[in-house]
Amino acid sequence: MNHHINYILHLADNALILSQRNSEWCGHGPILEQDIAITNISLDLLGQARNFYQYAAELINKSTSQPIKPSTEDLLAYLRTEREFKNCLLVEQPNGDWGQTILRQHFFSTYQFLLYQKLQQSKDGQLAAIAAKALKEVTYHVQWCKEWVVRLGNGTAESHSRMLHAIDALWSYTGELFENAEYELHLINEGISVDVNLLKNEWQQKVNEIFSEATLPLPEKVFMHTGGKQGIHTEYLGFILTELQYMQKTYPGCEW
Amino acid sequence: MNIQVRKFYYGDIPEENAGGNEIKNNLQDEAAWPLWEVFIRSKQGLDHKHVGSLHAADAAMAIENARDVYTRRMEGVSIWAVESKYIHASNPDDAGALYEPANDKVYRHPTFYDLPDELKHM
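Residues numbered from 1 in each chain as written. Chains lettered and ligands numbered in written order. Predicted model: local features only at pLDDT ≥ 70, side-chain atom pairs only at ≥ 80, totals over all residues. Heavy atoms only, no water.

Student: Break down the overall build of chain B for me, with residues and values.
Tutor: Each helix and strand counted, chain B has three helices and three strands in total. Across chain B, helices and strands are ordered from the amino to the carboxyl terminus as α-β-β-α-β-α. Out of the 122 residues belonging to chain B, those deemed buried represent 24%. Restricting the contact set of chain B to residue pairs at least 6 apart, pairs at least 24 apart contribute 55%. Working note: accessible area of chain B is about 9300 Å², and carbon and sulfur atoms make up 53% of it. (Helix = DSSP H or I, 4+ residues; strand = E, 2+ residues; numbered from the N terminus. Buried < 20%, exposed > 50% of the residue type's maximum accessible area, 1.4 Å probe, protein only. Contact = heavy atoms within 4.5 Å. Areas by Shrake-Rupley, 256 points an atom, 1.4 Å probe, with all protein chains shown as cover.)

Below, the structure is given as structure tokens:
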């Protein structure tokens, strides 16, 4: 049961933290239309996070016979600490410039697309349903990012060099996406979770295709950072949570 | 950098910018993305309606921007985007000559027929 809840929290945290990161662009996008586009993506991810948190809260409440205080989506998002968050390191990396934000979204959306495709067949009906619903949004995110990666990679000398910089900044966080955490390993046999290890080749292939269209070089094999899925994060998550959770921690239970 | 964005309202596109003439390039024009007019079909069987305009670097981006800006609340099932400079518009100053002569020609409306009572929705 714990593994099951942890897995759902992992899926939720990925979506929430990337949503929070993208939302930092709100009002600062390079042009009005793109400001709206990136915040749209942010809202899509927030919606996915809510679905997962609501489901996790439901399972937590079922698993404790007499909860002192029932768990809710808000408690899970606003009152857990850094070490309890199970998002992968990629989504907490800083926005950088527009190119870095685009590349992070491209890496993650491509991963999420493959993940949700498989998760649709999960034996957990609720997870399958959330994945099926989210897949339509993610399909659009993939398309949107792809055009931007090609546009910037294949654009001017400056946009190309900025994309090279973005690859340097982010590539070493992509390996973690395909390493199963303990909770995932337990659930694979039950047919609930997706074996992310099996997504790696297809992800690599999709990224290769777009990189070659964008005239961007494929990075060499480098050391890959891991730990986020187990709650060991880069320095950035603490700052993100400080901002994200400020209101609930200062005024517990406050509502709009 | 001072980027000047000029927006022409529907029907007010000056003659020198209409009709697909290439806009004379200067530094400012290069820095600004071209303007596109967006048309949305709200459901199958209806016409595409002009809903507004936006900036985009190319046609693919114009469609995506239109999706993000104009169909967030399920407004449409189909999008057209056309660069504003390709729209020919009548000159508002000519309105008198163009439209007023139709004022006193009521016979152009098919209102002189006696319709049978059974006929509805005319």
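Having put the structure on the table, let's press on.
Student: Lay out the sheet that holds strand E2 (residues 48-55) of chain B with the relevant residues and their values.
Tutor: Either a parallel or an antiparallel arrangement is found when strands of a sheet pair, and the pairing is made through backbone hydrogen bonds. All names here are of chain B. With respect to topology, three strands assemble into an open sheet ordered E2-E1-E3, the strand pairing being antiparallel. Two strands in the sheet have a free side with no partner beyond their single neighbour: E2 and strand E3 (78-83). Neighbouring strand axes in the sheet, compared pairwise and without regard to direction, differ in orientation by 25 degrees on average. Where strand E1 (residues 35-41) meets E2, seven bridges bridge the pair, whose relative direction is antiparallel. When the bridges of E2 are listed, Trp 36 appears paired with Leu 54. (Pairing = 2+ DSSP bridges. Axes fitted to C-alpha atoms, helices over the stretch in contact; angles between N-to-C directions.)

Student: I'd love a proper account of a nonpolar patch on the surface, names of residues and values included.
Tutor: Residues and elements named next belong to chain A. Residues Tyr 246, Met 247 and Tyr 251 make up a contiguous nonpolar surface patch of roughly 350 Å² in combined accessible area. With respect to the element layout, Met 247 can be found in helix H10 (residues 236-250). Judged by its relative accessible area of 44%, Met 247 is partly exposed. (Patch = residues over 30% accessible without salt bridge, like charges linked within 9 Å, V, L, I, M, F, W, Y side chains within 5 Å. Salt bridge = Lys/Arg side-chain N within 4 Å of Asp/Glu carboxyl O.)

Student: Requested: an account of the pattern of salt bridges, with residues and values cited.
Tutor: It is possible for side chains of opposite charge to pair when their charged atoms get near one another. Residues and elements named next belong to chain A. Following the criterion strictly, the structure yields 12 salt bridges over all chains and no others. Close ionic contact of Glu 184 with Lys 229 constitutes a salt bridge, the shortest N to O distance being 3.0 Å. Note that Glu 184 is positioned in helix H8 (residues 182-188) and Lys 229 in the loop between helix H9 (200-213) and H10, a separation of 45 residues in sequence. Of the two residues examined, Glu 184 and Lys 229, each falls in the buried class. One continuous salt-bridge network, built from bridges that share partners, spans Asp 97, Glu 158 and Arg 162.

Student: Go over the packing of helix H1 (residues 2-23) of chain A against helix H2 (residues 32-63) of chain A, please, and point to the residues and values.
Tutor: All names here are of chain A. Two elements in contact, H1 and H2, have axes whose closest approach is 8 Å; the angle formed by their N-to-C orientations is 155 degrees. On the basis of their axis angle, the class for H1 and H2 is roughly antiparallel. Two packed elements cross with a definite hand, and for H1 against H2 that hand is left-handed. Partitioned by chemical class, the residues of the contact of H1 with H2 number 19 nonpolar, seven polar and one charged. (Parallel < 35°, antiparallel > 145°, perpendicular 65-115°, else oblique. Left-handed = near helix turned anticlockwise from the far one by under 90°. Nonpolar A, V, L, I, M, F, W, Y, C, P; charged D, E, K, R; others polar.)

Student: Describe the environment of B:Trp36, listing the residues and the values that go with them.
Tutor: All names here are of chain B. Position of Trp 36 relative to the elements: it lies in strand E1. Considered as a pair, Trp 36 and Gly 52 are 16 residues apart in the sequence and their alpha carbons are 8.6 Å apart. Leaving out residues up to four positions away in the same chain, Trp 36 has contacts with Gly 52, Ser 53, Leu 54, His 55, Ala 56, Asp 58, Ala 59, Ala 62, Ala 81, Val 82, Glu 83 and Ser 84. Within polar-contact distance, the side chain of Trp 36 engages the backbone oxygen of Pro 34 at 3.5 Å. (Polar contact = N/O pair within 3.5 Å; in protein donor to acceptor, adjacent residues only side chain to side chain.)

Student: Could you give me a rundown of the environment of B:His50, with the residues and numbers involved?
Tutor: Residues and elements named next belong to chain B. Position of His 50 among the secondary structure elements: in strand E2. Taking relative accessible area as the criterion, His 50 reaches 32% and is therefore assigned partly exposed. Sequence spacing of His 50 and Val 106 is 56 residues, and the spatial spacing of their C-alpha atoms is 29 Å. Reaching out from His 50, the side chain makes a polar contact with the side chain of Glu 37 at a distance of 2.6 Å. For His 50, the side chain forms a polar contact with the main-chain oxygen of Gly 52, separated by 3.3 Å.

Student: Lay out the pairing of E1(B) in plain terms, naming residues and giving numbers.
Tutor: Residue and element names in this part refer to chain B. Counting buried residues in E1 gives six out of seven residues, a clear majority hidden from the surface. Here E1 folds back onto E2, and the loop between the two strands holds six residues, one of which, Gly 45, carries a positive phi near 95 degrees. Direction of pairing for E1 relative to E3: antiparallel, over a ladder of six bridges. Pairing of Arg 41 across the sheet is with Ser 78, part of E3.

Student: So what about the packing of H1(A) against helix H5 (residues 98-119) of chain A? Which residues, and what values?
Tutor: The angle between the axes and the distance between the axes are what describe a pair of packed helices. Residue and element names in this part refer to chain A. At a minimum axis distance of 12 Å, the contact between H1 and H5 shows a crossing angle of 150 degrees. Between H1 and H5, the interaxial angle falls into the category roughly antiparallel. Crossing geometry of H1 relative to H5 is assigned as left-handed. Along its contact with H1, which presents Tyr 7, His 10, Leu 11, Asn 14, Leu 18, Arg 21 and Asn 22, the element H5 presents Thr 101, Arg 104, Gln 105, Phe 108, Tyr 111, Leu 115 and Leu 119.

The values are spatial; any link to function lies outside them.
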